[in-house]
There are 2 protein chains.
Amino acid sequence: MTARNEDPTRDRILQAAGVVFAERGFEKATVRDICSAAEVNLGAVNYHFGDKQKLYVEVLLCAHQDFYKKVPLPQWSESDPPEQKLSDFVRTMMYRLLLAEGLPWQAQLLTREMVTPSEACRELSERSIKPIHSLLVGVLRELTPEETSETDLEKTAFSVIGQCVFYKMHAPVVETIVTEEQRADHFQPDQLAEHITRFTLSALGRGSLFELTSTVSETEANS
Amino acid sequence: MTARNEDPTRDRILQAAGVVFAERGFEKATVRDICSAAEVNLGAVNYHFGDKQKLYVEVLLCAHQDFYKKVPLPQWSESDPPEQKLSDFVRTMMYRLLLAEGLPWQAQLLTREMVTPSEACRELSERSIKPIHSLLVGVLRELTPEETSETDLEKTAFSVIGQCVFYKMHAPVVETIVTEEQRADHFQPDQLAEHITRFTLSALGRGSLFELTSTVSETEANS
DNA sequence: GTTTAATTCAAACACGTGTTCTAATATAAT
DNA sequence: ATTATATTAGAACACGTGTTTGAATTAAAC
C-alpha cells in the first residue's frame, strides 16, 4: 500500500493527537479519542510514547517546528516606519488569535498554549512566546524615548498583547456586551487591530485615537 | 429563608463548596473534597442540592449576592475629575484580580467566573460583568470627545480591561519573561495599575506615558 | 409511647479515564 | 525456513469521578 509515506502508526498518532489536542486541550482530550481518530489500537499511545503527557510534549514540539518554518514572524526592512511595524504586528496577532480555526491545527495548538500554557511543558511554551515578545519590544523601542527603561517597555508590550489576547480569551464577555450587529460591523479582526494600533500609538504620543486617520501621519497632537 | 440556621448541613456545604470551587474551579473541585471540607457525608450534596452542578449555581448565586452587598462598585462624586475615576477603577480592578487570594472566597469565585465563565450559568456571569463594564464606559465618556461613537467607547473599554485582565490570566507568561526581581520591584498591583492608567490616559490625549509624573497616583484620595 | 417523616451514614454502583498485560502477528535477519 | 525482535490487538486493570441505594438514626407530630 503506502510505500513509506505516513503509515508508521507513530506518525498517525502524532497527526491525530495534534488536531484532538488543538480542539479540546490536554485535559479534555482522551487517549481513546486520539487512537480512534488515528484508527490505531488503544495501547499504541503508551507503546510509542510512554504516556499521554509525553505524547503531548512531542506533539507540541512538532507543531512548534512545523509552524515556525511555515509561518515565520514578520520581518520588516529597517527603513519601514515603526508605526507600520506596530500596525503589522497587531494585525498579525489578531489574525492568528481570531482566525485560528481556519488555520492548520498547529496554529490552534500553539495559540492554546500561548493563552493557557499547560503546566506540563512551560519551557516549550516559552519558545513560542519569547520571540513574539522580543519582536514587539523591539518595535516599541523605536516608538519610545531613548531613556525608556526596559521595565516600562515590557509593561507597554503587555499592554499591547493584553488588548489583543482579550478578544480571544474573553469572547464570551464581548458577546454579552456588544450586539450581534455591532460585532459583525465593527469587531472584525481588521477593525480591532486598527483600534488597538491607534490606541497604542496614541498612548505613545504618536497620532490621536479618534480624531484623525493618523496611522502614518506626523501630527504631533500633544496635550 | 428558614429562620433557624446555624448548623444545617446545607449551609455548611454551601460554605465549604464556595472556597473549594473558588480554589479549584468547577471541573477540578470534587464532591468528595467539598463534603470532606464541610465535614459532611458524601451523599449530602446530592440529597440537598440534587447534583454538583445545581450546587455550583447555588453557590455562585450566593457569592454574587454577598459580594456585591459587601463590596459595591466604587461611586465617585460627580465633581471628581475623570482621570481620578479612571485611576481608581483600574486600581480596584487590579486589586480584585491580583489580590483575590487575600479576599473572601466570593471575590475569588466571581473573578474566576468573570475570567473563564462556565458554560453552566452564563446569565449569572453577565450580572457580574455588565455593571463593571458600564461603569468604565461612563468614565471613558468623560474622557473622550462628545462625538465619540458608542462602539469606539466599547473598544476603548475593552482595551483597558484587556490590559488589566492580562496580568491575571497570563501570569505564567509574565513569569517567563520578567525576572523575579523585576516582578517584585515593578510589577506589583499598584505599579501595574499606574502604568495602565497612564497608558490609557495618554492614549486618550491626557498626559503622556513616560515623561511627567503628573497624574494622580500617590495622592491618598479617598472619598 | 407510638408513629411518621426527614436526615444521616456507609457502602456500593456506573462510568470514564490512563495504563498495563499477554497472546497474536508482522517484520526482518540469519 | 527458522529464529528473534518489533509491533499490534483486545481485554483487563487500577483508580477517580458523580451518583444512588437502603438501612440506621434523629427529629417532630400525634
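Q: Mind showing me how you'd approach the overall build of chain A here?
A: Counting secondary structure elements, chain A contains 11 helices and 0 strands. Mapped from its N terminus to its C terminus, chain A presents α and β elements in the order α-α-α-α-α-α-α-α-α-α-α. Within chain A, the proportion of its 223 residues that are buried is 48%. The contacts of chain A with a sequence gap of at least 6 include a subset with a gap of at least 24, amounting to 65%. Working note: accessible area of chain A is about 11200 Å², and carbon and sulfur atoms make up 50% of it.

Q: Sorry if this is basic, but what is going on with the protein's contact with DNA strand D here?
A: Near DNA strand D, the surroundings consist of 13 residues, among which Thr9(A), His48(A), Arg32(B), Asp51(B) and Lys52(B) are the closest. Among atoms of DNA strand D positioned within 4 Å of the protein, sugar and phosphate together represent 53%. In this structure, a base nitrogen belonging to DNA strand D sits 3.2 Å away from a side-chain N or O atom of Asn41(A). Between a phosphate oxygen of DNA strand D and a side-chain N or O atom of His48(A), the distance comes to 2.6 Å. At the level of elements, α3 (44–49) of chain A together with α2 (31–38) of chain B are the ones that each hand at least two residues to the surface near DNA strand D. Taken together, the residues of the surface near DNA strand D break down into 4 nonpolar, 5 polar and 4 charged.

Q: Even after reading the chapter, I still don't get the relation of the copies chain A and chain B, so can you show me in this structure?
A: Here the two chain copies are tied together by a rotation about an axis and a shift along that axis. Here chain A sits on chain B after a turn of 180° about the axis and a move of 0.1 Å along it, with an RMSD of 0.4 Å. A rotation of that kind, with that shift, is consistent with a two-fold axis. Take the interface residues of chain A: 98% of them recur as interface residues in chain B, which is what a same-surface contact looks like.

Q: Help me understand the interface of chain A and chain B in this model?
A: Interface size is often expressed as the accessible area that is lost when the parts come together. Across the boundary between the two partners, chain A contributes 49 residues, which contact 52 residues of chain B. Between chain A and chain B, roughly 4300 Å² of surface is buried when both sides are summed, and carbon and sulfur atoms account for 68% of that area. Contact with chain B buries surface across chain A, with Lys155(A), Phe158(A) and Phe210(A) losing the most and accounting together for 16% of the total. There are 2 salt bridges connecting chain A and chain B. Its salt-bridge partner being Glu27(B), residue Lys28(A) comes within 3.3 Å of it at the nearest N-O pair. Run the count over chain A and chain B and you get 18 residue pairs in polar contact (both at pLDDT 80 or more).

Q: Explain the protein's contact with DNA strand C here, please?
A: The environment of DNA strand C is formed by 14 residues, the closest being Thr30(A), Arg32(A), Asp51(A), Lys52(A) and His48(B). One of the backbone N or O atoms of Lys52(A) is found 2.9 Å from a phosphate oxygen in DNA strand C. Of all elements in the fold, only α2 (31–38) of chain A together with α3 (44–49) of chain B reach the threshold of two or more residues within the surface near DNA strand C.

Q: Explanation requested: the packing of aromatic side chains in the structure shown.
A: How two aromatic rings sit relative to each other is given by the distance of their centres and the angle of their planes. All told, the structure shown has 17 aromatic pairs over all chains when counted by the stated rule. Residues Phe21(B) and Tyr56(B) carry aromatic rings whose centres are separated by 4.8 Å and whose planes lie at 80° to one another, so their mutual orientation is edge-to-face. With Phe21(B) in helix α1 (residues 9–28) and Tyr56(B) in helix α4 (residues 52–70), this residue pair connects regions lying 35 residues apart in the sequence. Of the two residues examined, Phe21(B) and Tyr56(B), each falls in the buried class. The rings of Phe158(A), Phe166(B), Tyr167(B) and Phe187(B) are connected pair by pair, giving a single aromatic cluster. Over the aromatic face of Phe26(B) sits the side chain of Lys52(B), whose NZ or CZ is 4.5 Å from the ring centroid. A cation over an aromatic ring shows up here: Lys155(B) above the ring of Phe187(A), its NZ or CZ 5.5 Å from the ring centre.

Q: It is not clear to me how unusual backbone geometry should be interpreted in this structure. Could you clarify?
A: Across the chain, the bulk of peptide bonds are trans and the bulk of non-glycine residues have phi less than zero. Residues and elements named next belong to chain A. One non-glycine residue, Glu-39, lies in positive phi territory at about 55°. Note that Glu-39 resides in the loop between α2 and α3. Judged by its relative accessible area of 66%, Glu-39 is exposed.

Q: Just checking my understanding: could you explain helix α5 (residues 82–98) of chain B for this structure?
A: All names here are of chain B. In this model α5 runs 24 Å from its N-terminal to its C-terminal C-alpha over 17 residues, within 8% of the 24 Å that 1.5 Å per residue would give. α5 sits mainly inside the fold: 12 of its 17 residues count as buried. In this structure, the buried side of α5 is in contact with α4, α6 (105–115), α7 (122–143), α8 (150–169) and α11 (189–203).

Q: How should I be thinking about the confidence of the model for chain A in this particular structure?
A: Parts of the prediction with low pLDDT should not have their coordinates interpreted in detail. Residue and element names in this part refer to chain A. Overall, the prediction assigns chain A a mean pLDDT of 85, with 89% of residues at 70 or greater. For residues 1–5, every residue scores under 50 in pLDDT, and the model assigns this stretch 1 contact once sequence neighbours within four places are set aside. Here residues 214–223 scores under 50 on pLDDT; set against residues more than four positions off or in separate chains, the count is 12 contacts.

Q: Just checking my understanding: could you explain the side chain of Gln106(A) for this structure?
A: Examined against the element boundaries, Gln106(A) turns out to sit in helix α6 (residues 105–115). Apart from residues no more than four positions distant in its own chain, Gln106(A) is found in contact with Ala63(A), Asp66(A), Phe67(A) and Lys70(A).

What counts and what doesn't
- Residues take numbers from 1 onward in each chain, read along the sequence in its written order.
- Here chains are named by letter from A upward and ligands by number from 1 upward, in the order in which they appear as written.
- Side-chain atom pairs in this predicted model are given and counted only at pLDDT of 80 or more, local residue features only at pLDDT of at least 70, and totals for whole chains, interfaces and linings cover all residues.
- Hydrogens and waters are ignored; side-chain quantities use all the structure's heavy atoms.
- Secondary structure elements follow DSSP: runs of H or I no shorter than four residues count as helices, runs of E no shorter than two count as strands, and numbering proceeds from the N terminus.
- Three labels apply to residues, based on accessible area from a 1.4 Å probe with only protein chains included: buried if under 20% of the type maximum, exposed if over 50%, partly exposed otherwise in between.
- We call two residues in contact when some of their heavy atoms are within 4.5 Å.
- Reported accessibility uses the Shrake-Rupley method at a 1.4 Å probe radius. Residues are deemed covered only where the shown protein chains occlude them.
- The rule for a residue being near a molecule or strand is that one of its heavy atoms must lie within 4 Å of it.
- Polar contact criterion, stated in full: a pair of N or O atoms within 3.5 Å, where within protein one must be able to donate a hydrogen and the other to accept it, and residues adjacent in sequence count only if both atoms are side-chain atoms.
- Throughout, the ten residues Ala, Val, Leu, Ile, Met, Phe, Trp, Tyr, Cys and Pro are labelled nonpolar, Asp, Glu, Lys and Arg are labelled charged, and all others, Gly among them, are labelled polar.
- In superposing the copies, a least-squares fit is computed on C-alpha atoms, taking residues whose pLDDT is at least 70 in both.
- By definition, the buried area sums, over both parts, the 1.4 Å-probe accessible area that each loses when the two are put together.
- Counted as salt bridges are all cases of a side-chain nitrogen of Lys or Arg within 4 Å of a carboxyl oxygen of Asp or Glu.
- Two rings from Phe, Tyr or Trp (for Trp, the six-membered ring) form a pair when their centres sit within 6.5 Å of each other. Planes less than 30 degrees apart are called stacked, planes more than 60 degrees apart edge-to-face, and all others tilted.
- Placement of a positive charge over a ring is assigned whenever Lys NZ or Arg CZ falls within 6 Å of the ring centre and within 35 degrees of the normal to the ring plane.
- Expected helix span is given by 1.5 Å per residue-to-residue step, counting one fewer step than there are residues.
- A score from 0 to 100, pLDDT tells how confident the predictor is in each residue.

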